[in-house]
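Okay, here's what each chain looks like letter by letter:
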Amino acid sequence: MGKIFDVAATAAQRFAEINTPHPPAETKILMRRAVVLGGSMAGLMAARVLADHADEVVIVERDDTDVNAGPRPGVPQGSQVHALLPAGQVQLDRWWPDFTERAIAAGAPDEGRTDAKIFINDELRVTTEPPPEKPILITTRPFLEAQVRRRVLESPKVRMVYGRADGLLFAPGEGGGVVGARYVPAATGTPATGADDGGRQGAAGTDAANADGGQDAAVELAADLVVDAMGRASSLNDWLEAHGWPRAPMQRMPIKLNYASALFERDPAVSDTWIAISQTTPAKDRVARIGGINSVEGDRWIMLVAGYDADRPSRDVEEFAKRCRQYFPTMFGDIAERGKMIGNVITYHQADSRRRDFDQVDRLPTGIIAAGDAVASFNPVYGQGMTSATLHASCLSEWLRTGPDLATEPARGYFERVRVVVDAAWQVSTFADLGLPHITSGQPRGYKVIKWASEVILKASMTDSVTSQKLNRVTTMLDHPNALASPGLLLRALRLKWFGGARA
Ligand SMILES: Cc1cc2nc3c(=O)[nH]c(=O)nc-3n(C[C@H](O)[C@H](O)[C@H](O)COP(=O)(O)OP(=O)(O)OC[C@H]3O[C@@H](n4cnc5c(N)ncnc54)[C@H](O)[C@@H]3O)c2cc1C
């Protein structure tokens, strides 16, 4: 039986284990076939891990993704600024040790620059980070996903089929676990690998097409483990309920976030900006807003402006430029007014942050897990989503390396690990969002004290390198938020507040 968890370990210790940069030393084949529903960041990362433990991994993806894909319908947020946090980059380099180098060779920018400018309430934060071991990967979302897809599909064990997953297969009888999944093949599909059949036939004898054999006939894929990676609108809860299993409880926080992003040709005559982030926190005389500029592949900038609730950037180019000039640091206005825009301003609204706590259900079928946004999706301004997906894959690897008997054991050991990652990300993002005036969700116990301490630490981080680095490691998901709960750090921040001065 697979070990569930070291119950004595603290959340921070567990988080550190999940965050390991080291590839697993030893892996064992535990299953004949794994099926992954959804071929985006979470599904691809899960497939990479499953290739160490299965004879065959089949990814079912609704969109016709080819390896050079741009934004696509199944990932509508793909046109918006996407930052990969350092912890996510560590995981990508963990599973493919030359991931960063190959992404750069494929076009990700690498100019030896690390000069990210971070403005909090219009004040520039001291830059204190030691130079990273590898160049920071800054790309558009479709580019990064295409790199991951390319790497995953290099494994001869992994193939992608195109179609819409529309249900799970359960073993007969009451309490029968998940034994596969069903999908309706796409009418057309670009095979992602030369050998692929585009999803129209099963590769193994246990696949079965439904009787009429027509284009819309569902294909049944037998599997020892099915991964739901269908994103935040996943139907897994409905499918489980329809077969008599409890739904995972869902928590939501209504963030009402409004994004607008646009691409520009990079031009040194307009600005020398490499990376810039601007955040204003809500206060009596201040509206909460986020802006970001990333230098991405193709010698372009991608620029974002975001607001909450009724503060809604539109698709209008002039309004975008006005907003950049009025509410954000100079480089935003410079690029928006004088830079050459490529394409249009693209907007996106996200109603809520949400999480489904599968570890909380009292009955869980065998043979099924969920990963990525299908488990939890956060306010994107904190950039946690893709990194969380890589950490869920790490949880999957840890759990599978305990050697669970997949036919008899539900994936509790997996979901308990995933909870550690979700709690850490949720704690950072929803705690900050509780300060937004339109959020009326109840405040947790101790909120006022933690809010006061967080503000003291944030203020100190503007000038003090030690505080800044500790805070950064948490916001970039390298460390658990409990790392900020040390009395020593608070005292240091308080000394700065009372006696002033910057520290190296
Ligand atoms: C505006 C915005 C900005 C963001 N910015 C960042 C950022 O800066 N950094 C960051 O890390 N994260 C960011 N995120 C979050 C990030 O986009 C997600 O966390 C990440 O994409 C989650 O990956 P996923 O694979 O779980 O789900 P998704 O990327 O949503 O993919 C789900 C996949 O499942 C497929 N699918 C769905 N249903 C079916 C079906 N029935 N059958 C077959 N396939 C199906 C879809 O086609 C898609 O490929 C942002 C999100 C938003 C909304």
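About the cut-offs
- Residues numbered from 1 in each chain as written.
- Predicted model: local features only at pLDDT ≥ 70, side-chain atom pairs only at ≥ 80, totals over all residues.
- Heavy atoms only, no water.
- Salt bridge = Lys/Arg side-chain N within 4 Å of Asp/Glu carboxyl O.
- Helix = DSSP H or I, 4+ residues; strand = E, 2+ residues; numbered from the N terminus.
- Buried < 20%, exposed > 50% of the residue type's maximum accessible area, 1.4 Å probe, protein only.
- Contact = heavy atoms within 4.5 Å.
- Domains from an automatic or database assignment.
- Buried area = accessible area lost by both parts, 1.4 Å probe.
- Polar contact = N/O pair within 3.5 Å; in protein donor to acceptor, adjacent residues only side chain to side chain.
- Nonpolar A, V, L, I, M, F, W, Y, C, P; charged D, E, K, R; others polar.
- Near = heavy atom within 4 Å.
- Patch = residues over 30% accessible without salt bridge, like charges linked within 9 Å, V, L, I, M, F, W, Y side chains within 5 Å.
- Areas by Shrake-Rupley, 256 points an atom, 1.4 Å probe, with all protein chains shown as cover.
- Pairing = 2+ DSSP bridges.
- pLDDT = per-residue confidence, 0-100.

1. Some points on the pattern of salt bridges
In total, this model carries 40 salt bridges according to the counting rule given. Ionic pairing is found between R72 and E61, a salt bridge with its closest N-O pair at 3.2 Å. Of this pair, R72 sits in the loop between β2 (54-61) and α3 (86-95) while E61 sits in strand β2; the two residues are 11 residues apart in sequence, bridging distant segments of the chain. Taken as a pair, R72 and E61 share a single burial class, namely buried. What emerges from the salt-bridge pattern is a single network uniting E61, D63, R72, R141, E145 and R149.

2. Some details on the side chain of R266
Inspection of the secondary structure assignment puts R266 in the loop between β11 (257-265) and β12 (275-280). When residues no more than four places from it in sequence are discounted, the contact partners of R266 are E111, R113, T273, W274, S295, D299, R300 and W301.

3. Section: the domain arrangement of the chain
According to the domain assignment, the chain contains domain 1 (11-78 + 146-252 + 354-429), domain 2 (109-137 + 256-350) and domain 3 (447-499). Using C-alpha coordinates to define each centre, domain 2 is positioned 25 Å away from domain 3. Each side of the interface is counted separately: domain 2 has 8 residues, and domain 3 has 11 residues. Counting the surface lost from both domain 2 and domain 3, the interface buries some 860 Å², and carbon and sulfur atoms represent 52% of this. Taken together, the connections running from domain 2 to domain 3 amount to 1 salt bridge. A salt bridge links K459 to E123, with the nearest nitrogen and oxygen atoms 3.5 Å apart. Between domain 2 and domain 3 we count 2 residue pairs in polar contact (both at pLDDT 80 or more) in total. Residues that form the side of domain 2 that touches domain 3 fall into these classes: 4 nonpolar, 1 polar and 3 charged.

4. Details of unusual backbone geometry
Excluding glycine, most residues fall at negative phi; most peptide bonds, likewise, are trans. Phi is positive for K256, close to 50°, though the residue is something other than glycine. Secondary-structure assignment places K256 in the loop between β10 (250-253) and β11.

5. With respect to the site of the ligand
In the vicinity of the ligand lie 33 residues, with S40, E61, A83, R141 and D373 positioned nearest. A165 is positioned such that a nitrogen or oxygen atom in its backbone is 2.8 Å from a nitrogen atom of the ligand. Put simply, the parts of the chain that give the shell around the ligand at least two residues each are α2 (41-50), β2, β5 (158-170), β15 (341-350) and α9 (385-400). Tallied by class, the residues present in the shell around the ligand amount to 13 nonpolar, 14 polar and 6 charged.

6. A word on a nonpolar patch on the surface
A surface patch of nonpolar side chains, amounting to about 300 Å² of accessible area, comprises V449, I450 and W452. Mapped onto the fold, W452 is located in helix α11 (residues 447-461). Residue W452 is classed as partly exposed on the basis of its relative accessible area of 40%.

7. Focus: helix α8 (residues 330-338)
Residues three or four positions apart in an α-helix share a direction because the helix packs 3.6 residues into each turn. Buried within α8 are the following residues: M331, F332, G333, D334, I335 and A336. Where α8 is buried, its residues contact β3 (116-120), β11, β12, β13 (289-296), β14 (300-308) and α7 (317-327).

8. Here we look at the environment of M253
On the secondary structure map, M253 appears in strand β10. Accessibility expressed as a relative area gives 6% for M253, which makes it buried. Taking C-alpha positions, M253 is 19 Å from V420, a pair spaced 167 residues apart along the chain. In this view, M253 contacts A351, D352, S353, W426, T430, D433, L434, I439 and S441; residues no more than four positions away in its chain are not counted.

9. A closer look at helix α12 (residues 465-475)
When we look at burial in α12, the residues that qualify are S465, T467, S468, L471, N472 and V474. The secondary structure elements touched by the buried residues of α12 are α10 (412-433), α11 and α13 (487-499). Just past α12, the residue M477 takes up positive phi, approximately 65°.

10. Section: the pairing of strand β16 (residues 353-356)
With burial as the criterion, each face of β16 is covered, one bearing S353 and R355 and the other bearing R354 and R356. As defined by bridge partners, β10 adjoins β16 across 4 bridges and the pair is classed as antiparallel. Following the sheet pairing, M250 is matched in β16 by R356. Inspection of the sheet shows β16 paired to strand β18 (residues 376-377) by 2 bridges, in the antiparallel sense.

11. Digging into the confidence of the model for the chain
Summarising the model, the chain shows a mean pLDDT of 90, and 91% of its residues fall at 70 or more. Counted against residues more than four places away or in other chains, residues 189-207, with its pLDDT under 50, gives 47 contacts. Contacts for the low-pLDDT stretch residues 210-214, under 50 throughout, to residues beyond four places or in other chains number 4 contacts.

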